[in-house]
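Structural overview
What follows is the residue order along each chain.
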Amino acid sequence: MREISYEPRNVRETLVELKDSSELAVDLAYSAVRYDDAELADEVVELEARVNYLQYHSRIALMLAAKRAEEAERLVGLFQVASSAVRITEAAGDVARIVLEEGGVPAAFEHAFPEADERLVRATVGEDSDFAGSRLRELELDLEEGVRLIAIRRDGEWSFSPDGDDRLQAGDVIVGRGPRDGIESVYRLATGGAFPAPSEPPASTDDLERAAEAVVELKDMAELAVGLAYGAARFDSDELAGEVISLEEQSDVRKADLETWVIETGGDWNADELRGLLHLAAASEAICDAAVDVAEVVLRDVELPPVFGAALEDSEEVIAAVTVGSGSDLDGTTISDLEFEEGAGVVVLAIRRDDGWTFDPTGNLSCTSGDSLLVRGPPVGVDHLRELAGDGDGLE
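Below or above, wherever it landed, is the structure these notes cover. (Residues numbered from 1 in each chain as written. Predicted model: local features only at pLDDT ≥ 70, side-chain atom pairs only at ≥ 80, totals over all residues. Heavy atoms only, no water.)

This part takes up the overall build of the chain. Scanning the chain for helices and strands turns up 13 helices and eight strands. Counting all 396 residues of the chain, 50% fall into the buried class. Partitioning the contacts of the chain with sequence separation of at least 6, the portion at a separation of at least 24 is 79%. (Helix = DSSP H or I, 4+ residues; strand = E, 2+ residues; numbered from the N terminus. Buried < 20%, exposed > 50% of the residue type's maximum accessible area, 1.4 Å probe, protein only. Contact = heavy atoms within 4.5 Å.)

Structure below.
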């Protein structure tokens, strides 16, 4: 383990980077498992090392900020949130190591994930690439390819949500999100090579599909719990914090389902791959548990200093709950229309109705009065969506 020496850092910037790093690590880790992608898994390990460095500096900064008992009491919440961000990233690292060290998961599980509208791409900008030396605004990747760069790593430092003025350099590692055709094009333009072709799916069975459903739901719950927990802290929302608790309870059930399947079916599968499934279940539960620790800061009415809210406002995206009002502009609107026309860059992650949760809802699903939409997007887009839903401020 490399030695870390203290260097003064801006607390607000450190908190933002801890949050963004933990969210990206979870996203990358599950994508690495889904596509058996060692390069994505390597980036998670890089993020894990970076987060440990940030934790060291955030702890010292917070200790120095507490000169009296009452000040220390106000900073307890920040300590807990920062520690939870580290735990989330470390658990994501455990997911990534399933790909790097344990032989992955059974190939059939990789193909059991439903086809997503978007996926991640990780690419290193080559010396001869047109990307090298170009500003993001000039490349227009979002307009030309439908791909949005969400992070750039350069010399061990991460830049999250880069803007149009940022200029790429040869050797930069870029991470983007977009449709498959778009990411294949971006990968080719950045590296000069072809995007790795997917493997052929093996035969599936009803029993396998049931187990795969548990894997998918564990992934969805972990990703959503992290975003909701940070949203709850930002808006001081008991509603969002309660959703995190509910997701964690459901993840316990799905984890037990997957463990039972592994025990009952163990003789028919490679032992290393089955161990990977067990580790995936345990790591997913650890991510949800860490998200609960963030939510409990809100539910216990622990006062978070203003710097925390200001720090989260620096993030380019938020996750929020939006309730569809009767007769509102969203009542009867399909998910596709909401996301591509009315949502101003907002993506619907899940819908909760009387019959429970639907994760990654299909585009032809219509919103109805009383639906609770869990959405991710820029703050202005979320606010616009709330107006269309007739949801008022939504998170008071």
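Overall, antiparallel pairing links the four strands, which are arranged β1-β4-β2-β3 in an open sheet. The sheet terminates laterally at β1 (119–124) and β3 (157–160), the two strands that pair on one side only. Averaged over all neighbouring strand pairs, the angle between strand axes comes to 20°, with direction disregarded. Bridge count between strand β2 (residues 148–154) and strand β4 (residues 173–178): five bridges; the pairing is antiparallel. The partner of Arg 148 across the bridge, within β4, is Arg 177. Set on the sheet, helix α2 (residues 38–65) makes contact with β1, β2, β3 and β4; between it and β3 the angle comes to about 105°. (Pairing = 2+ DSSP bridges. Axes fitted to C-alpha atoms, helices over the stretch in contact; angles between N-to-C directions.)

This brings us to the packing of aromatic side chains. Per the stated rule, a full pass over the model turns up two aromatic pairs. With 6.0 Å between their ring centres and 10° between their planes, Trp 158 and Phe 160 make a pair best called stacked. (Phe/Tyr/Trp six-rings, centres within 6.5 Å; stacked < 30°, edge-to-face > 60°.)

Any two side chains of opposite charge can pair, so long as their charged atoms come close to each other. In total, this model carries 23 salt bridges according to the counting rule given. Residue Arg 137 is joined to Asp 165 by a salt bridge in which the shortest nitrogen-to-oxygen separation is 2.5 Å. A residue pair is termed long-range when its members are at least 10 positions apart, and Arg 137 in helix α5 (residues 136–139) and Asp 165 in the loop between β3 and β4 qualify at 28 residues. For Glu 259, the salt bridge goes to Lys 255, with nearest N and O atoms at 2.9 Å. Residue Glu 259 and its partner Lys 255 are both found in helix α9 (residues 238–265); the two are separated by four residues, about one turn of the helix. Here the residues in one salt-bridge network are Glu 39, Glu 43, Arg 122 and Arg 153, joined through shared partners. (Salt bridge = Lys/Arg side-chain N within 4 Å of Asp/Glu carboxyl O.)

Helix packing for two helices is described by the angle between their axes and how far apart those axes are. Direction vectors running N to C along helix α1 (residues 11–35) and α2 enclose 155°, while the axes themselves pass 9 Å from each other. By the angle class used here, α1 and α2 are roughly antiparallel. The two elements α1 and α2 meet at a crossing, and its hand is left-handed. Along its contact with α1, which presents Val 11, Thr 14, Glu 17, Leu 18, Ser 21, Leu 24, Ala 25, Leu 28, Ala 29, Ser 31 and Ala 32, the element α2 presents Leu 40, Ala 41, Glu 43, Val 44, Leu 47, Arg 50, Val 51, Leu 54, Gln 55, Ser 58, Ala 61 and Leu 62. A class-by-class count of the residues in the contact of α1 with α2 yields 15 nonpolar, five polar and three charged. (Parallel < 35°, antiparallel > 145°, perpendicular 65-115°, else oblique. Left-handed = near helix turned anticlockwise from the far one by under 90°. Nonpolar A, V, L, I, M, F, W, Y, C, P; charged D, E, K, R; others polar.)

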